[in-house]
Amino acid sequence: MSKMSEETKSSCSGDCSSCSANCDKRDFMAPPNQYSRIKHVIGVVSGKGGVGKSLVTSMLACAVQNMGKQTAVLDADVTGPSVPMAFGIHDKAVGNEECLMPCESKTGIKIMSINLLLEKDDQPVVWRGPVISGVIKQFWSDVMWGEVDYMFVDMPPGTGDVPLTVFQSLPVDGIVVVTTPQDLVTMIVKKAYNMAQMMNVPVLGIVENMSGFVCPDCGKEHAIFGESKVQQVADALGVPVLAKLPINPQNAALVDKGAVELADAPSINEAAKKIVEVLG
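Residues numbered from 1 in each chain as written. Predicted model: local features only at pLDDT ≥ 70, side-chain atom pairs only at ≥ 80, totals over all residues. Heavy atoms only, no water.

**Considerations on the overall build of the protein**
Now for step 1: Along the protein, the regular secondary structure elements total 9 helices and 10 strands.
Now for step 2: Taken against the 2.2 N^0.38 rule, which gives 19 Å for 280 residues, the C-alpha radius of gyration of the protein at 19 Å falls within 12% of a compact globule.
Now for step 3: In terms of principal-axis extent, the alpha carbons of the protein reach across some 65 × 45 × 35 Å.
Now for step 4: Positive and negative side-chain charges of the protein, numbering 23 and 31 respectively, have mean locations separated by a distance of 3 Å. (Helix = DSSP H or I, 4+ residues; strand = E, 2+ residues; numbered from the N terminus. Rg over C-alpha atoms; globule rule 2.2 N^0.38 Å. Lys, Arg positive; Asp, Glu negative; His and termini not counted. Charge placed at Lys NZ, Arg CZ, Asp CG, Glu CD.)

As structure tokens, then:
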């Protein structure tokens, strides 16, 4: 296939279905760090914010790590990073003349986030899209990740610059779509699904967060955010439901304390097993 010119590359919308440039997707790929060997890259996405995407990313990484695989989290939500706090990481990333080093969680999960580079955790990142996209590429190319079996990329909500950068610049093996049991679920999932289709990235499945609440006193399940519609949507799109994660105040408290690795979620463990089975 022909090489894409710099002019065409800079104006690319990402929609290959309506493009006649006949380019090679590899033209966009950011070079991997010379000291990194990353076997699988999984994007965690959502069509809107507030669905618990970072929580699902962190818990999936923990679950796969507990399976004996080396995992990593690339926090691509540059303007709203929360992964380091969930893992209780307050140290700053260090580096040398060649590379940045990721921080490690208590169980050895490798993590890189913009909050690990800022002087203060509450310092806002007021940058335009192209600058943020450049940071994501640097997290891939300039960080010495070492040997990693599964890297989870926590993306910001929506279908803007950063998801497009991740899809085009990183060798993404598939995405996990996170949603909630509300009437918006169809739109949320389809936006993420359609973007993945445009970029020729497989959808590994859907995780429904906040999927009801089981009363600790009576044992009855309450559909606080409405009845789940995720199975109908998944069937229509031909993708599996990986997990339905109920509201769990204990897990929420652990995340607030920086102890997400102690959270208990059998459905997420099953989702992690399915992902590993598919990707190998």
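Still to come is the rest of the account.
**Some points on helix α7 (residues 230-237)**
Now for step 1: The set of residues buried in α7 consists of Val 230, Val 233, Ala 234 and Leu 237. Along the long axis of α7, the arc covered by the buried residues comes to 100°, so they all point the same way. Relative to its buried face, α7 has exposed residues pointing more than 90 degrees away, namely Gln 232, Asp 235 and Ala 236.
Now for step 2: For α7, the elements touching its buried residues are β6 (174-179), α6 (185-198), β7 (203-209) and β10 (241-245).
Now for step 3: Just downstream of α7, Gly 238 is the residue with a positive phi angle, here 75°. (Buried < 20%, exposed > 50% of the residue type's maximum accessible area, 1.4 Å probe, protein only. Arc of directions from axis to C-beta. Contact = heavy atoms within 4.5 Å.)

**Some thoughts on the sheet that holds β7**
Now for step 1: Strand order in this open sheet of 8 strands is β3-β4-β2-β5-β1-β6-β7-β10, and the pairing throughout is mixed. At either margin of the open sheet sits one strand with a lone partner, and together these are β3 (103-104) and β10.
Now for step 2: Sheet analysis places strand β1 (residues 37-45) next to β6, joined by 4 bridges and oriented parallel. From the neighbouring strand, Val 45 faces β6, where its bridge partner is Val 177.
Now for step 3: Lying over the sheet, α6 contacts β1, β6 and β7, oriented at roughly 165° with respect to β6. (Pairing = 2+ DSSP bridges. Axes fitted to C-alpha atoms, helices over the stretch in contact; angles between N-to-C directions.)

**Points about the pairing of strand β5 (residues 147-154)**
Now for step 1: Where burial is concerned, most of β5 is hidden: 7 out of the 8 residues are buried.
Now for step 2: Pairing of β1 with β5 involves 7 bridges; the strand directions are parallel. Within the sheet, the bridge partner assigned to Val 41 lies in β5 and is Met 151.
Now for step 3: Pairing between strand β2 (residues 71-75) and β5: 5 bridges, direction parallel. Its bridge partner lying in β5, Ala 72 is registered against Met 151.

**Quick notes on the nonpolar core**
Now for step 1: Core analysis: the largest hydrophobic core is formed by 85 residues, its most contacted members being Leu 60, Leu 74, Val 153, Val 166, Ile 175 and Ile 268.
Now for step 2: For this core, the leading source of residues is helix α2 (residues 53-66), giving 7 residues. (Core = buried A, V, L, I, M, F, W, Y, C linked by side-chain atoms within 4.5 Å.)

**Focus: the pairing of β6**
Now for step 1: Among the 6 residues that make up β6, 6 are buried, leaving the element largely enclosed by the rest of the structure.
Now for step 2: Burial of β6 is two-sided: the residues Gly 174, Val 176 and Val 178 facing one way and the residues Ile 175, Val 177 and Thr 179 facing the other way are all buried.
Now for step 3: For β6 and β7, the ladder comprises 5 bridges, and the chain directions are parallel. When the bridges of β7 are listed, Thr 179 appears paired with Glu 208.

**Here we look at the environment of Gln 182**
Now for step 1: Within the element layout of this structure, Gln 182 appears in the loop between β6 and α6.
Now for step 2: By relative accessible area, which is 27% here, Gln 182 ends up partly exposed.

**Digging into unusual backbone geometry**
For residues that are not glycine, phi is negative in most cases, and the peptide bond is trans in most cases.
Now for step 1: A positive phi angle, near 60°, is found at Asn 200, a position not held by glycine.
Now for step 2: Along the chain, Asn 200 turns up in the loop between α6 and β7.
Now for step 3: On the accessibility criterion, Asn 200 (63% relative accessible area) is exposed.
Now for step 4: A positive phi angle, near 55°, is found at Met 210, a position not held by glycine.
Now for step 5: Of note, Met 210 is situated in the loop between β7 and β8 (213-214).

**Concerning the pattern of salt bridges**
Now for step 1: Going through the model one piece at a time under the given rule, you end up with 4 salt bridges.
Now for step 2: With its nearest N and O atoms 3.2 Å apart, the salt bridge here joins Lys 39 to Asp 149. Of this pair, Lys 39 sits in strand β1 while Asp 149 sits in strand β5, placing them 110 residues apart in sequence.
Now for step 3: A salt bridge links Lys 53 to Asp 154, with the nearest nitrogen and oxygen atoms 3.3 Å apart. One end of the pair, Lys 53, is in helix α2; the other, Asp 154, is in strand β5, and 101 residues separate them in sequence. For the pair formed by Lys 53 and Asp 154, the shared burial category is buried. (Salt bridge = Lys/Arg side-chain N within 4 Å of Asp/Glu carboxyl O.)

**Details of the state of the cysteines**
Two cysteines whose sulfur atoms are joined by a covalent bond form what is called a disulfide.
Now for step 1: Within this structure, the stated rule accounts for 0 disulfides.
Now for step 2: Of all cysteine sulfurs in the structure, the one in Cys 103 sits closest to Cys 62, which takes part in no disulfide; the separation is 15 Å.
Now for step 3: This cysteine, Cys 103, is not joined by any disulfide, and Cys 99 carries the nearest cysteine sulfur, 15 Å off. (Disulfide = S-S within 2.5 Å.)

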